[in-house]
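Close look at the chain arrangement
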Amino acid sequence: MKQIKLFDPVIDQREVKKVVKTLKSGFWASGSGGGQVHEFEKKFKKFVNSKSCVSVNSGTAALHLAATLCDIKGKEVILPSLSFVSTAHAIMYNGGTPVFVDVDPHTLCIDPVEIKKKISKRTRCIIPVHFGGMPADIKRIKKLSNSNVMIIEDAAHACGSEFNGKKIGSHSDLVCFSFHPVKNLAAPTGGLISINHLGHKKIKKILNEKRWCGITNRDEHYYDVKQLGWNYYMNEFSAGLALIQLKKLDKLNQIRKKIAKRYHDEIKLEEKMPYQKDCSYHFYWIMVKNRDKLMQKLKQNGIETGIHYRPIHKMSMYKNKKKLPITENAGKKIITLPTHPNLTNSNITKIISKINKFL
Ligand SMILES: Cc1ncc(COP(=O)(O)O)c(C=O)c1O
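Figured I'd write up the structure that's included with this text. Along each chain, residue indices are assigned from 1 in the same order as the chain's sequence is written. Two thresholds apply to this predicted model, a pLDDT of at least 70 for residue-level local features and 80 or more for giving and counting side-chain atom pairs, whereas whole-chain, interface and lining totals are computed over all residues. By convention in this description, side-chain values take in all heavy atoms of the structure and omit both hydrogens and water.

We define a salt bridge as a contact between a side-chain nitrogen of Lys or Arg and a carboxyl oxygen of Asp or Glu at a distance within 4 Å. For the coordinates displayed, the defined rule picks out 16 salt bridges. The partner of Lys261 in a salt bridge is Asp265, with the nearest N and O atoms 2.7 Å apart. Taken as a pair, Lys261 and Asp265 lie in helix H8 (residues 236-266) at a separation of 4 residues, close to a single helical turn. A simple rule labels every residue: compare its accessible area, found with a 1.4 Å probe on the protein chains alone, to the largest value its type can have, and call it buried under 20%, exposed over 50%, or partly exposed in between. For Lys261, a relative accessible area of 35% translates into the label partly exposed. We classify Asp265 as partly exposed; its relative accessible area is 47%. Of the charged contacts, one joins Arg262 and Glu266 as a salt bridge, the two residues approaching to 2.9 Å between their closest N and O atoms. Placement of the pair is Arg262 and Glu266 together in helix H8, with a separation of 4 residues, close to one helical turn. Here the salt bridges share partners, and the residues they tie into one network are Asp12, Arg14, Glu15 and Lys248. Numbered from the N terminus, helices here are DSSP runs of H or I no shorter than four residues, and strands are runs of E no shorter than two.

The structure is reproduced here in structure tokens:
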């Protein structure tokens, strides 16, 4: 029985050729002459229609660096707990305090009503997550913020998603993407900060330095360091592959949407991800009471599923007594289903029928 994977990047001969070409070029690290990182930034900027883009070596690095620009030390940052830990770690790296709020039961994205309850003079930043690719209500969130409160979108799941007719990446001052192999745009590792702030040129320069150990004013072998930086540069293999993946992203996302539509229409459950055309469906979620049993059953039938996520505020490091009922309900019942474009129609039919039989 062939296994149905939860995530599976879509590759063809173009990716294979690109890897070999990059390998043979001898330019593996960026900055050394390959130029693909710069090329990718240019193409991604055009794709999302933002003012500037800086690529890095992971979504975590993107969030970390974006947060260094927001002066959050000793201040509060509002975020959903239903996310990957990097969303919260980015705040901790910068000496801020995460304030977890609950999510909307329909979309599982951060709930603007809950943000309103928690926003205060101590709030410096809000990090909405576009959960599973479903766009969070950035418009309402923006209305809640003021000149002292910045928004960093965590768009790790939302490559190709849209909000109000515009690609995610073009709305807020700082938008962070991940190109981890499981993501809609897959690379070995990778991330990117899309910048829409009026001072985007200055921000790009600062981020360029921060992603490479603070190095500035390079003149051949001579350079200076004026601020702390990290080794967060994207490598040439990731940039080369990301360039190819970007070309097919919209087409692949259309396939993801068709799969999600079938799940939405055919799975006989009330609690499941809504269907929306502006969502890029990084994954599709359902909620069931006896999750472990269903996951086991699907596994026996060669179907891999996942749990996204066990809430961050329940992790030992972040543990607090805060009650987030909708997040906690999802944390106990959520199952994520394969949505990648390598699925065949019969794979999808099998997944749906096994779930419906179990219910
Ligand atoms: C919501 C979210 N934010 C951030 C990240 C971090 O991205 P990366 O794995 O590229 O560091 C992920 C990765 O899974 C994620 O799902």
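We now examine the side chain of Arg291. Along the polypeptide, Arg291 turns up in helix H9 (residues 291-300). Note on charges: Lys and Arg go in the positive column, Asp and Glu in the negative column, and His and the chain ends are not counted at all. In this structure Arg291 is buried but unpaired, with Asp292 as the nearest side chain of opposite charge at 4.3 Å. Within 3.5 Å is the distance limit for a polar contact, defined as a pair of N or O atoms, with the added protein rule that one can donate a hydrogen and the other accept it, and that residues adjacent in sequence qualify only through two side-chain atoms. Of note is the side chain of Arg291, whose polar atom sits 3.4 Å from the backbone oxygen of Lys332.

Attention now moves to the site of the ligand. One heavy atom suffices: a residue is near a molecule or strand as soon as one of its heavy atoms comes within 4 Å of it. Taken together, 17 residues form the shell around the ligand, and within it Gly59, Thr60, Asp154, Ser178 and Lys183 come nearest. Gly59 places a main-chain nitrogen or oxygen 2.8 Å from an oxygen atom of the ligand. Lys183 is positioned with one of its side-chain polar atoms (N or O) 2.8 Å from an oxygen atom of the ligand. What sets the accessible areas is the Shrake-Rupley method with a 1.4 Å probe; for residues, cover comes only from the shown protein chains. Relative to its unbound accessible surface of 390 Å², the ligand loses 90% to contact with the protein. Put simply, the parts of the chain that give the shell around the ligand at least two residues each are helix H3 (59-68) and helix H4 (86-93).

The next thing to look at is the sheet that holds strand S2 (residues 76-80). Backbone-to-backbone hydrogen bonds join strands into a sheet, with any given pair of strands oriented parallel or antiparallel. Pairing is mixed across the open sheet formed by 7 strands, whose spatial order is S1-S9-S8-S5-S4-S2-S3. Both outer strands of the open sheet, strand S1 (52-56) and strand S3 (97-101), are each paired with one neighbouring strand and no more. Recorded for the sheet is a direction-independent mean angle of 25° between the axes of neighbouring strands. Of the pairings in the sheet, the one linking S2 to S3 comprises 5 bridges and is parallel in character. The residue of S3 that forms the bridge with Val77 is Pro98. The contact criterion used is simple: two residues touch if any of their non-hydrogen atoms lie within 4.5 Å. Axis definition: a line fit to C-alpha positions, over the contact stretch in the case of helices; interaxial angles, taken between N-to-C directions, run 0 to 180 degrees. Against the sheet, helix H7 (residues 200-210) engages S1, strand S8 (174-178) and strand S9 (191-195), with an angle of about 10° to S1. At least two DSSP bridges between two strands are needed for those strands to be called paired.

This part is about the nonpolar core. It is characteristic of soluble globular proteins that their nonpolar side chains tend to be buried jointly. Among the nonpolar cores identified, the biggest contains 47 residues, and Leu108, Phe131, Tyr263 and Ile286 are the most heavily contacted of them. Where this core is concerned, the elements lending two or more residues are S3, H8, strand S12 (284-287), H9, strand S13 (334-337) and helix H11 (345-358). In this structure Phe131 touches Leu82, Thr107, Leu108, Cys109, His157, Met273, Phe283, Trp285, His308, Tyr309 and Ile334, once residues within four positions along its chain are discounted. Of all hydrophobic cores here, the second largest spans 30 residues; its members include Ile152, Leu174, Tyr232 and Tyr318. Residues belong to one nonpolar core when they are buried, are Ala, Val, Leu, Ile, Met, Phe, Trp, Tyr or Cys, and are joined through side-chain atoms within 4.5 Å.

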